[in-house]
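# Inside the fold
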Amino acid sequence: MSDDLAKKEELAKIDFKPPKKDWTDPTIEFRKGSFNYGSNPKNVEYLDLPYAREFDPRKEDWNLPDNWKEIILEGMRDRLMKYRSFRVFMDICVRCGACADKCHFFLGSGDPKNMPVLRAELLRSVYRRDFSTAGKILGKLAGGRELTPQVLKEWFYYFYQCTECRRCSVFCPYCIDTAEITMMARELLHLVGIGIDWITTPAANCFRTGNHLGIQPHGFKDSVDFAVDDLADLTGIRVEAPVNKKGAEILFVVPSADYFADPHYYGFLGYMALFHEIGLDYTFSTYASEGGNFGLFHSSEMMKRLNAKIYAEARRLGVKWIIGGECGHMWRVLHQYMDTMNGPADFLEEPISPITGTKFENAKCTKMVHICEFTADLIHNNKIKLDPRRNDHWTVTFHDSCNTSRAMGLIEEPRYILRQTCNKFHEMPENTIKEQTFCCGSGSGLGTDENLEMRMRGGFPRASAVKYVHDKHGVNLLTCICAIDKATLTPLMEYWVPEVQVGAVHEMVGNALVMEGETRTTDLRSQPYEREEVERDD
Amino acid sequence: MVLTVLLIEKREAVLGRWFDSIIKTYPPGTSEFLAKQKDRFRNPVGHAIAESIGSIYDEIVSEMDTGELRRALDGIIRIRSVQDFTASEAVAFVFQLKTVVREVLGNRIDEHEHSHELADLESRIDQVALLAFDKYMECRDKLHEVRTNEIRRRSEILFEKVNVGCGVSRHEGGPVDDGS
Ligand code: SF4
Ligand code: SF4
């Protein structure tokens, strides 16, 4: 004890202020817990990507190819020509600072280089020096920086501290999308063989077997059968869950986590119960066994390659249209890029709900409907029977995932479903939800265990809003419609607000759904209902 | 005047200065922001620090209730445990209170008259610092637990029930057989 006391007197003399550092200084300390491991070279090769090699960010020498600088600058030139938005974003920022305090990584870490304007500046400074006339002449005076190995390391560090969530762009008067700048930076790094394994390995698995985990067709079929058994135990009803059924009306594509991870799985059971109850003619596909697309976090080319299977499988199975499950970045790809990348899907029909007759006009191009749109329409048309009391053990709030809210504007449908299936629903504060939602802090491939400290920082703004509704209303369930969220909000809650669990919107549907002939006494997690009388009263 | 009365009277001034000294542990642009933005959801770290040190201070000048202190320390230490601080940097803010009190009270502290109370105050601050160390360790332990649980959860249903295919492994810094 006396040693402790002696030590703390010394501590009191510490100079608490961090050293003043010029932002242009690119030196990075790769501290444990705040960066991701480099790609497995085997999988880099598998994807036919260049410069596959062992690469440890902590080591001084990154074994860059000799002409790395030319490769990067050439890559930048190509992209400036190919993407007008990239060029505009490099040129028009007036440094007004409106975005500066909007990034969850800045808010949680306090690191100024996590201000979106500075994050972009890391790339922009190189652009300015090598591509703008003023920069070529004035160099540093015009805000230009030379591209050095240190700068490259800094890019790696900070562009993998951006979850491409686009919150900053909501506040930018010029709509500059820092997420797109991050995407460009990551593409450039890949040109010289620098990437992270949590993106490369799932992408390689996905390319090989159709899903991020590398589950083969028989494994997928087993997991669906297993879920059918589970649902039979829980409800007394054995549903049909067709796999690779040719001629089915609808192809159903889910993120792979739905059928193997907790708590996603309960939402998966919810989908299957719902489809059974309405007698939907649908099928899973063993190759389109992953809606998620880690290619989005890698490069546009990779995203296109991984996405192609969805239309290919729809064509092979001869379905009319497609429904997609609860996933965030999967929907960003489907909604914003699929049609241009791998369309037109003119071999499919415009989606019409076979149960309600509703025409999903918004899905005219892609022919793909979000499960929440589909279910909200069923409820709206009174096509299913719901007993929300079965969710009375949950006091629920809803986290908008960045992609479904900001990238596709799917804001009201999940809320409508939750209000119809749960009696106790409370919103988090307005400036933390809908378009202004705070990211989970682990999206875009950053959800690794080696990066956990950084994720806890980035997720803190979200967690702090959850804590607020937990303290105020007793919220104990954070629902969402994104597979990455379900995986990463769970540890986030465990650290910041351990009283709150994470669940799927369709878990709430599955719980509340009154099924013909059912014998149920528990929810989909095998927890008994709160009240006896909740059992069917008809 | 007894020191405790002075400390209560000067609560806001002490807390203001203590807060300033804590946010100065962040880089310049950040500390300005932490001080200025008052909306708790737009500035969750600043809000948590302010709330936390307010409660800590109130306990120091009153009951020193350990439960309350632990709860109050949690608000700030849980954050600093995952930020870019070493263990000593994460908890050092507690000791700063000693300096802050002297700065704020200035010549209203009479070394002679208040010597006993000062010693008592400093020993209370020391006790809080020790609790802060405990809290830091608790948060770091929790982090390890979170990490382990995450790895387990990621594949629980898969490994237990499903016939797994190829390629589930990932690279952890060294060459890995991906099973294919
Ligand atoms: S809000 Fe837009 S214009 Fe303003 S600093 Fe940020 S990126 Fe630049
Ligand atoms: S896109 Fe999101 S993570 Fe990236 S800089 Fe903007 S707010 Fe931060």
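So, how was this worked out
Residues numbered from 1 in each chain as written. Chains lettered and ligands numbered in written order. Predicted model: local features only at pLDDT ≥ 70, side-chain atom pairs only at ≥ 80, totals over all residues. Heavy atoms only, no water. Helix = DSSP H or I, 4+ residues; strand = E, 2+ residues; numbered from the N terminus. Rg over C-alpha atoms; globule rule 2.2 N^0.38 Å. Buried < 20%, exposed > 50% of the residue type's maximum accessible area, 1.4 Å probe, protein only. Contact = heavy atoms within 4.5 Å. Areas by Shrake-Rupley, 256 points an atom, 1.4 Å probe, with all protein chains shown as cover. Lys, Arg positive; Asp, Glu negative; His and termini not counted. Charge placed at Lys NZ, Arg CZ, Asp CG, Glu CD. Near = heavy atom within 4 Å. Nonpolar A, V, L, I, M, F, W, Y, C, P; charged D, E, K, R; others polar. Expected span 1.5 Å × (residues − 1). Domains from an automatic or database assignment. Buried area = accessible area lost by both parts, 1.4 Å probe. Salt bridge = Lys/Arg side-chain N within 4 Å of Asp/Glu carboxyl O. Pairing = 2+ DSSP bridges. Axes fitted to C-alpha atoms, helices over the stretch in contact; angles between N-to-C directions. Phe/Tyr/Trp six-rings, centres within 6.5 Å; stacked < 30°, edge-to-face > 60°. Lys NZ or Arg CZ within 6 Å of the ring centre and 35° of its normal. Core = buried A, V, L, I, M, F, W, Y, C linked by side-chain atoms within 4.5 Å.

### So, the overall build of chain A
Helices and strands together make up the secondary structure of chain A, namely 21 helices and seven strands. Computed over C-alpha atoms, the radius of gyration of chain A comes to 24 Å, within 12% of the 24 Å expected from 2.2 N^0.38 for 538 residues, which places it in the range of a compact globule. C-alpha extents for chain A along the principal axes are approximately 80 × 65 × 40 Å. Looking at chain A as a whole, 66% of its 538 residues are labelled buried. Considering only contacts in chain A between residues 6 or more positions apart, those separated by 24 or more positions represent 77%. As displayed, chain A offers around 19000 Å² of accessible surface, 50% of which is attributable to carbon and sulfur atoms. For chain A, the distance from the average position of its 66 positive side-chain charges to the average position of its 77 negative side-chain charges is 6 Å.

### Here's the deal with the site of ligand 2
All names here are of chain A. The environment of ligand 2 is formed by Cys103, His104, Pro116, Arg119, Cys162, Thr163, Glu164, Cys165, Arg166, Cys168, Thr178 and Ala179. Listing elements by their share of the shell around ligand 2, those giving two or more residues are α6 (116-131) and α10 (178-191). Within the shell around ligand 2, the residues separate by chemical class into six nonpolar, three polar and three charged.

### Focus on helix α13 (residues 264-278) of chain A
Its 15 residues give α13(A) an end-to-end C-alpha distance of 22 Å, which sits within 8% of 21 Å, the value for a rise of 1.5 Å per residue. Looking one or two residues beyond α13(A), the residue adopting positive phi is Gly279(A), at roughly 65°.

### Observations regarding the domain arrangement of chain A
All names here are of chain A. Domain boundaries in chain A define domain 1 (8-30 + 56-194) and domain 2 (204-533). Between domain 1 and domain 2, the C-alpha centre-to-centre distance is 34 Å. Counting residues at the interface gives 23 residues for domain 1 and 26 residues for domain 2. Taken together, both faces of the contact between domain 1 and domain 2 bury some 2000 Å²; the carbon and sulfur share is 59%. One can count zero salt bridges joining domain 1 with domain 2.

### A closer look at the sheet that holds strand β3 (residues 321-324) of chain A
Through backbone hydrogen bonds, the strands of a sheet pair up, either in parallel or in antiparallel fashion. All names here are of chain A. Reading across the sheet, the four strands line up as β2-β1-β3-β4 and stay open at both edges, with parallel pairing between neighbours. With one partner strand each, in any of the chains shown, β2 (282-283) and β4 (368-370) form the two edges of the open sheet. Pairing geometry for β3 and β4, over three bridges, is parallel. Paired with Gly324 across the strands is His370, a residue of β4. Relative to strand β1 (residues 250-253), helix α14 (residues 300-317) is tilted by about 145°, and along the sheet it contacts β1, β2, β3 and β4.

### Quick notes on the site of ligand 1
Surrounding ligand 1, one finds Cys93(A), Val94(A), Arg95(A), Cys96(A), Gly97(A), Ala98(A), Cys99(A), Val117(A), Cys172(A), Pro173(A), Tyr174(A) and Ile176(A). Looking at the shell around ligand 1, its residues break down into 10 nonpolar, one polar and one charged.

### Topic: the packing of aromatic side chains
Tallying each qualifying case throughout the model produces 36 aromatic pairs over all chains. Between the aromatic rings of Phe55(A) and Phe156(A), the centroid separation amounts to 5.5 Å while the plane-to-plane angle is 80°, which identifies the pairing as edge-to-face. Here Phe156(A) lies in helix α8 (residues 149-159) and Phe55(A) lies in the loop between α2 (41-46) and α3 (68-82), a separation of 101 residues in the sequence. Ring centres of Phe106(A) and Phe33(B) lie 5.4 Å apart, and the angle between their planes is 55°; this geometry places the pair in the tilted category. Taken together, the residues span two chains, with Phe106(A) in helix α5 (residues 104-109) and Phe33(B) in helix α3 (residues 28-36). Phe106(A) sits in the buried class, given a relative accessible area of 1%. Taken together, Phe220(A), Phe252(A), Tyr259(A), Phe268(A), Tyr271(A), Phe275(A), Tyr282(A), Phe284(A), Trp321(A), Phe360(A) and Phe374(A) form an aromatic cluster joined through their ring pairs. Lys102(A) extends its terminal NZ or CZ atom over the ring of Phe171(A), reaching a point 5.0 Å from the ring centre. If you follow Arg305(A) out to its NZ or CZ, it ends over the ring of Phe207(A), 4.4 Å from the centre.

### Examining the side chain of Asn403(A)
Relative to the helices and strands, Asn403(A) is located in helix α17 (residues 402-407). Ignoring any residue separated from it by four or fewer positions in sequence, one finds Asn403(A) in contact with Gly328(A), His329(A), Arg332(A) and Met408(A).

### Some points on the nonpolar core
The biggest cluster of nonpolar side chains holds 141 residues, and the ones touching the most others in it are Leu123(A), Leu152(A), Trp155(A), Trp496(A), Trp18(B), Ile56(B) and Phe93(B). The leading source of residues in this core is helix α8 (residues 115-161) of chain B, at 11 residues. Looking at which domains feed residues into this core, each of domain 1 (8-30 + 56-194) and domain 2 (204-533) of chain A gives three or more. Beyond its immediate stretch of four places on either side in the chain, Trp496(A) contacts Met456(A), Phe460(A), Ala463(A), Lys467(A), Arg78(B), Ile79(B) and Val82(B). Leu231(A), Ile250(A), Phe252(A) and Ile379(A) belong to the second-largest nonpolar core, a separate cluster that totals 80 residues.

### Let's talk about the pattern of salt bridges
Residue and element names in this part refer to chain A. The tally for this structure, following the rule as stated, stands at 47 salt bridges over all chains. The shortest N-O distance in the salt bridge between Glu154 and Lys113 comes to 2.7 Å. Taken together, the residues Glu154 in helix α8 and Lys113 in the loop between α5 and α6 connect sequence positions 41 residues apart. Residue Glu154 is classed as buried on the basis of its relative accessible area, which comes to 0%. Look at Lys113 and you get buried, because its relative accessible area is 8%.

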